[in-house]
Amino acid sequence: MIYPKVTPMKCLLTVILTSLTLAVFILSSNELSPSLLIVSRIFNPEIRVNYTPGDFVKYMYLEPANESYCNFNYKLLNDFTFDGEYIDYGPELGKNSPYRVIYNVISAKATTDIPKVTYATHVSADFMYYLPELVRYWDGFISVTAFVPDTDVALVLKQINQYCHCLPGMSRVSLHFAYSVTTVPLLRNIYFNKPVTCEVADSSKIETYRHTNDSVIYPINVCRNAARTASLTENVMVSDIQLMPSEGLARKFLDMIDQYKLYDCSRNVYVLPIFEVEANEEIPRRKSQLVELLRENKAVYFHKLICTHCQKFPGIETWLRTTPSDIVEPLVSARREVPYHRWEPIYIGTKAEPFYNEMLSWEGLQDKMLQMLEMCLMEYKFVILDGAFLVHWPGIKKKQNQQNEEQWREPFKKQNSNEYAKILMNLLSRYDAKSECKPY
C-alpha cells in the first residue's frame, strides 16, 4: 500500500487541529476523568475541576455475558436471603456485641497472580463511589465491610451490581455486611437486573437511613475488624476507603519483605505515610510527584492543618529529604511512644494485631487510639516505609472549615469518652505499665 506524501507543515497543522478539537471536546465536557484533566490544563492552565469519585467507570463496557466479574452469594442478585447459620458476631466482642456481620456477600476470586496483601476497609452507602477508585489504585485484594442498617442494604447492593458488571478489578473484592441488632437490613425489594449502562451514581447525593435517623451511629471498628478478619491474605492493611495507595504498593511491599528477609519479624508493622493534596490536583502515584506538590505547597501531610500531631510520623524530615524512588524500603523504625503517643498510623500488618475497640463509634472520634495504646504496651515496632504512601482523596481539610461542623459530635464524644475509660481500665490491668505509653 502506498501512502500519500505528507509534508512536515501538513503534519504540524494536523497535530494542531487534532489537539484543538480534543481540547474543545474536553473543555466542553461537564465531567472530566483524571486522564483527561492533564490535557485540559495544557490548553487552560487555570481550569479547576473537582473530579467525582468513580466517574471513570462510565468509560468502561458492560461485561458481555450474563455473568458478572463478582462471585455473588446468598442468592444474589435475584434475591438476598440468609439465616442464623450465616450471621456472625462482631470479631472483638463476640456474643457480647450489639452488632452482627454477614461475611462474603460477594467473595473475591483468588488467583495466583494477585499480590498477597489485602486492603481492608469500611464503607457506608453514600461513600460507595470510592470503591471503584480503590479497585483502580490498589493492586492486591480488597476486603470491605459495608454498614447496612435498614434500607441502606439495597442502596449498597444497587451500586455493587453496577460495579460488578462494569469493572473487571471487582474480581479482587470481598464484600461483607455489618449492622446493629436494632436496625437489621430490610430485605424487601432486593432485586436488580443487569445494568444497562456503566454511568455510576454520585453516592454523596444518596440519602441513607443514617441521614434520616440520627440515633444510628457508624460502628467503624466493627467494620474494620470484620474486613480484616475476612482477609484472604495474612498481610493486611486496615485503612479508610478515601486513602489511595501509591503505584503498585502491594507488589512492591512483598518485594521489600523478600529482599530484606522480613518474613518472621513478629510485632513489626509497616507504616504508610499519609498526605493530602489540593482539591484540583490529581492523586500522585509516585514519591517524585508527591514531593513536587509538597514543594509547591499543594500538598501537606494528612490533617496537618486540623490536627498537627495525628499524622506527623517519626522521621518525616528524613522521608522528605531522601531521593524519591519507586522502590519500597524500610526507612526508620520507631515506637508509638511520647512524643508520638497521639499518632494514628495506618500500617501493613497481619491478622494477629490487636482488634479495634468495637464500642467506639466514628462519630465520637479517637476510635483507633486504644488499639494504638495496646500496641505500644506490647512493644510493637513501627517501620516507616520509603517509596510508599497513601493520599487522601483530593481536598485539604482546614480548621476554619471544621469549627461549625463539630458541634453535633458532642454527645457522641461524651459516649466514646465513657467507653474509652472502661476499656482503658481493662487494658491497663492486662499489661505492665510503661510511662512512655500515654493513654491520652
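Residues numbered from 1 in each chain as written. Predicted model: local features only at pLDDT ≥ 70, side-chain atom pairs only at ≥ 80, totals over all residues. Heavy atoms only, no water.

(A) Seen up close, the state of the cysteines. According to the stated counting rule, one finds three disulfides in the structure shown. With a sulfur-sulfur separation of 2.0 Å, Cys166 is cross-linked through a disulfide to Cys198. When the S-S torsion is -100°, as for the bridge of Cys166 with Cys198, the disulfide is left-handed. Of the two residues, Cys166 sits in helix H4 (residues 152-166) while Cys198 sits in the loop between strand S6 (173-180) and helix H5 (209-212), which places them 32 residues apart along the sequence. In terms of burial, Cys166 and Cys198 fall into one category: buried. Disulfide pairing is shown between Cys376 and Cys437; the S-S distance is 2.0 Å. Taking the sign of the torsion about the S-S bond as the criterion, the disulfide between Cys376 and Cys437, at about -80°, is left-handed. Of this pair, Cys376 sits in helix H10 (residues 369-377) while Cys437 sits in the segment after helix H12 (410-430); the two residues are 61 residues apart in sequence, bridging distant segments of the chain. (Disulfide = S-S within 2.5 Å. Helix = DSSP H or I, 4+ residues; strand = E, 2+ residues; numbered from the N terminus. Buried < 20%, exposed > 50% of the residue type's maximum accessible area, 1.4 Å probe, protein only.)

(B) Seen up close, the pairing of strand S3 (residues 99-107). In terms of residue burial, S3 counts as a mostly covered element, since eight of its nine residues are buried. Where strand S1 (residues 71-72) meets S3, two bridges bridge the pair, whose relative direction is antiparallel. Looking across to S3, one finds that Asn71 is bridged to Ser107. With three bridges connecting them, strand S2 (residues 87-89) and S3 associate as antiparallel partners. Within S3, the position partnered with Tyr89 by the bridge is Arg100. Alignment of S3 against S6, held across five bridges, turns out to be antiparallel. Bridge pairing in S6 places Arg100 opposite Tyr179. (Pairing = 2+ DSSP bridges.)

(C) The arrangement of the pattern of salt bridges in detail. Here the structure, examined in full by the defined rule, presents 13 salt bridges. Residue Arg286 pairs with Asp326 through a salt bridge whose shortest N-O separation is 3.8 Å. With a gap of 40 residues between them, Arg286 in the loop between strand S10 (274-277) and helix H8 (287-295) and Asp326 in the loop between helix H9 (316-321) and strand S12 (329-334) connect regions that are remote in the sequence. Overall, Arg286 belongs to the partly exposed group, its relative accessible area being 36%. Taking relative accessible area as the criterion, Asp326 reaches 34% and is therefore assigned partly exposed. The salt bridge involving Glu296 is made with Lys298; its shortest N-O contact spans 3.4 Å. Note on Glu296: relative accessible area 37%, which makes it partly exposed. In the salt-bridge network here, residues are joined through shared partners; they are Arg224, Asp240 and Asp367. (Salt bridge = Lys/Arg side-chain N within 4 Å of Asp/Glu carboxyl O.)

(D) Fine view of the sheet that holds S10. Taken in spatial order, the four strands of this open sheet run S8-S15-S10-S11, and their pairing is mixed. Since the sheet does not close on itself, it has two edges, and those belong to strand S8 (243-245) and strand S11 (299-301), each with one partner. For this sheet, the mean angle separating the axes of adjacent strands, direction not counted, is 35°. Looking at chain direction, S10 and S11 are connected through three bridges and run antiparallel. When the sheet's bridge partners are listed, Glu276 is paired in S11 with Val300. (Axes fitted to C-alpha atoms, helices over the stretch in contact; angles between N-to-C directions.)

(E) Geometry of helix H3 (residues 130-137). Here H3 lies mainly inside the structure; seven of its eight residues are buried. Within H3, burial applies to Tyr130, Leu131, Pro132, Glu133, Leu134, Val135 and Tyr137. Next to the buried residues of H3 lie strand S4 (117-123), strand S5 (141-147), H4, S6 and S8. (Contact = heavy atoms within 4.5 Å.)

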